[in-house]
Each structure stands twice: as structure tokens, then as C-alpha cells.
Amino acid sequence: MTRTRILGALAFAAVAAWGVAAFADEPPQHPSALYKEYCAKCHGEDGRAKTMKGKFLKARNFTDAEWQAGVSNADLVKSVTEGKDDMPPFGKKLTPEQIESLVKNDVRGFAPAKP
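Source: prediction; values computed, not measured.

Draft legend 1. The arrangement of the confidence of the model for the protein chain in detail. Here the protein chain shows a mean pLDDT of 86. Residues at 70 or above account for 77%. When mean pLDDT is compared element by element in the protein chain, helix H6 (residues 73-82) scores highest at 98, while helix H1 (residues 2-24) scores lowest at 55. A low-confidence stretch, residues 19-23 (pLDDT under 50), is modelled with 0 contacts involving residues beyond four sequence positions or located in other chains.

What follows is the structure in C-alpha cells.
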């Protein structure tokens, strides 16, 4: 009986470890829930800024390869934190980690794939 319990525990541990390993390397969902809540109203869920509000405010099209190549992550973090042109600041609503995640995973996630 003790041997059966030990084998069962080992099997459970192996399956649990496999599950953790399999899902730990999963890339972040794009666009994230954070992006959908704070950014999609203007920039659209597809990043093209084709929303009514985005068109009115002339929001940035995140799928523009030339723009993606010409702006640094530091500049994007600053824009999201402090606001820029018609974009409001989000530095008091979001943590620095959330802003960095939006830039690295969402804004950069809309960049066209390089050939």
C-alpha cells in the first residue's frame, strides 16, 4: 500500500511538473487584456487605429513598419507614461511593469513580420 501511494505521488508530481513546464514558456496573449482595456478604444484591437475615436484623434497605427523601426521602447514607455499629443498619460493608472509589458508585448506585437 505504501509503495502504491509513493508511485501515485510520483506520477502526480511528474504530470504537474510537465504541466508547469508546458505552460511556462507560453508567449503572452496578444493583444493583452490590458491593451484591450486601455488602448484598443483608440488604436483598435488590430493596432491599425481604425476606430471612430482613433480616427478622430489621429491615433498611431502600430502596424506601420516604418514607424515601428523609427521609435525606441524608451520613447514608447515615455509616451504611455506621460502622454503625447492627444494621448492621455497612463503613468498614474498603470504600473511601470504594466506599461513596459504593453510596449514590449502589445505595441511591438503589431509590428509586421520581417521577411
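From this point on, the discussion continues.
Draft legend 2. Highlighting the side chain of histidine 43. Relative to the assigned elements, histidine 43 resides in helix H3 (residues 40-43). Judged by relative accessible area, which is 10%, histidine 43 ranks as buried. There is a polar contact of 2.9 Å between the side chain of histidine 43 and the backbone oxygen of arginine 60.

Draft legend 3. Structural context of the nonpolar core. The biggest cluster of nonpolar side chains holds 16 residues, and the ones touching the most others in it are Tyr35, Phe62, Trp67, Leu76, Leu94 and Leu102. Going through the elements one at a time, helix H2 (33-38), H6 and helix H7 (96-107) are the ones with two or more residues in this core. Here this core takes 4 residues from H7, the largest share from any one element. Non-local contacts of phenylalanine 62, meaning those with residues more than four positions away in its chain, are made with Tyr35, His43, Gly47, Trp67, Gln68, Val107, Phe110 and Ala111.

Draft legend 4. Quick peek at H7. For H7, which comprises 12 residues, the first-to-last C-alpha distance of 15 Å matches the rise-based estimate of 16 Å (1.5 Å per residue) to within 8%. Three or more residues of H7 are buried, namely Ile99, Leu102, Val103, Asp106 and Val107. Considered in projection along H7, the buried side chains sweep an arc of 120° and stay on one side of the axis. Each element contacted by the buried residues of H7 is listed here: H2, helix H5 (65-70) and H6.

Draft legend 5. Broad picture of the environment of proline 88. Mapped onto the elements, proline 88 comes out in the loop between H6 and H7. With residues up to four places along the chain from it excluded, the contact list for proline 88 reads Val80 and Gly83.

Draft legend 6. Broad picture of the layout of surface pockets. Put simply, the largest pocket is a space of about 800 Å³. Around the largest pocket, the lining comprises 31 residues; the ones closest to its centre are His43, Arg60, Ser79, Lys84 and Met87. Breaking the lining of the largest pocket down by element, the ones donating at least two residues are H2, H3, helix H4 (52-57), H6 and H7. The element that contributes the greatest number of residues to the lining of the largest pocket is H6, accounting for 6 residues. Class assignment for the residues of the lining of the largest pocket results in 16 nonpolar, 3 polar and 12 charged.

Draft legend 7. Focus on the packing of aromatic side chains. Tallying each qualifying case throughout the model produces 5 aromatic pairs. Aromatic pair tyrosine 38 and phenylalanine 90: ring centres 5.9 Å apart, planes at 80°, arrangement edge-to-face. Taken together, the residues tyrosine 38 in helix H2 and phenylalanine 90 in the loop between H6 and H7 connect sequence positions 52 residues apart. Note on tyrosine 38: relative accessible area 25%, which makes it partly exposed.

The rules behind each value
Residues numbered from 1 in each chain as written. Predicted model: local features only at pLDDT ≥ 70, side-chain atom pairs only at ≥ 80, totals over all residues. Heavy atoms only, no water. pLDDT = per-residue confidence, 0-100. Helix = DSSP H or I, 4+ residues; strand = E, 2+ residues; numbered from the N terminus. Contact = heavy atoms within 4.5 Å. Buried < 20%, exposed > 50% of the residue type's maximum accessible area, 1.4 Å probe, protein only. Polar contact = N/O pair within 3.5 Å; in protein donor to acceptor, adjacent residues only side chain to side chain. Core = buried A, V, L, I, M, F, W, Y, C linked by side-chain atoms within 4.5 Å. Expected span 1.5 Å × (residues − 1). Arc of directions from axis to C-beta. 1 Å grid on protein atoms, 1.4 Å probe; cavity = no way out; pocket = protein on both sides within 12 Å on 5 of 7 lines; lining within 4 Å. Points joined across faces, edges and corners; volume = space filled by probe spheres on them. Nonpolar A, V, L, I, M, F, W, Y, C, P; charged D, E, K, R; others polar. Phe/Tyr/Trp six-rings, centres within 6.5 Å; stacked < 30°, edge-to-face > 60°.

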